[in-house]
Amino acid sequence: MKSVLMSAAVVAAMAVSAAPVVTESSVTMTQDAASGNVTINYTIVNEPAIVTVDIQTNGVSIGGENLWYFAGDVNKLVGTGPHTMTWRPTKAWPGQKIPSGVRAVVTAWATN
């Protein structure tokens, strides 16, 4: 009987737990004029998550083949709160300028 009650409590706790979320308003993307490096800031709320990023122009991904040379809090488990990653488009997407219409789409994936 105790194990049934304990299982029910665990299931109920999991149902109440909120999924991780990247607050859209927290995502910023800036490019350093001298180095060309792009800094992406974001905030995770609710619980830790695996974080991935896509770079889009006109709402379309620039393609996985151009999403290299990232460092920082991306493609791994991160805790809640503010985070930063850096992208080197001069290495990953050579010859391209990062115009104002390009955006970072940061996604938080649940760990379970």
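The structure presented is a predicted model; accordingly, all values stated were derived computationally and were not measured.

How each quantity is defined
- Residues numbered from 1 in each chain as written.
- Predicted model: local features only at pLDDT ≥ 70, side-chain atom pairs only at ≥ 80, totals over all residues.
- Heavy atoms only, no water.
- Phe/Tyr/Trp six-rings, centres within 6.5 Å; stacked < 30°, edge-to-face > 60°.
- Helix = DSSP H or I, 4+ residues; strand = E, 2+ residues; numbered from the N terminus.
- Buried < 20%, exposed > 50% of the residue type's maximum accessible area, 1.4 Å probe, protein only.
- Lys, Arg positive; Asp, Glu negative; His and termini not counted.
- Salt bridge = Lys/Arg side-chain N within 4 Å of Asp/Glu carboxyl O.
- Polar contact = N/O pair within 3.5 Å; in protein donor to acceptor, adjacent residues only side chain to side chain.
- Contact = heavy atoms within 4.5 Å.
- Pairing = 2+ DSSP bridges.

Participant: What am I meant to see in the packing of aromatic side chains here?
Facilitator: Taken as a whole, this structure holds two aromatic pairs when the rule is applied. Following the ring pairs from residue to residue traces out a cluster consisting of F70, W87 and W93.

Participant: Explain the side chain of D54 here, please?
Facilitator: Tracing the backbone through its elements, the reader meets D54 in strand β4 (residues 49-57). For the buried residue D54, which engages in no salt bridge, the nearest side chain bearing the opposite charge is R103, 7.6 Å off. At a separation of 3.4 Å, a polar atom in the side chain of D54 contacts the side chain of Q56. Among the polar contacts made by the side chain of D54, one reaches the side chain of S61 at a distance of 2.7 Å. What D54 contacts, discounting residues up to four positions off in sequence, is S61, L67, R103, A104 and V105.

Participant: Where do I start with the pairing of strand β8 (residues 81-87) in this structure?
Facilitator: Looking along a regular strand, one sees side chains alternate from face to face of the sheet. Pairing between strand β3 (residues 38-45) and β8: seven bridges, direction antiparallel. In the sheet register, N41 faces β8, and the bridge partner there is T84. When strand β6 (residues 70-72) meets β8, the two strands line up antiparallel, connected through three bridges. Residue pairing in the sheet places G72 in a bridge with M85 of β8.

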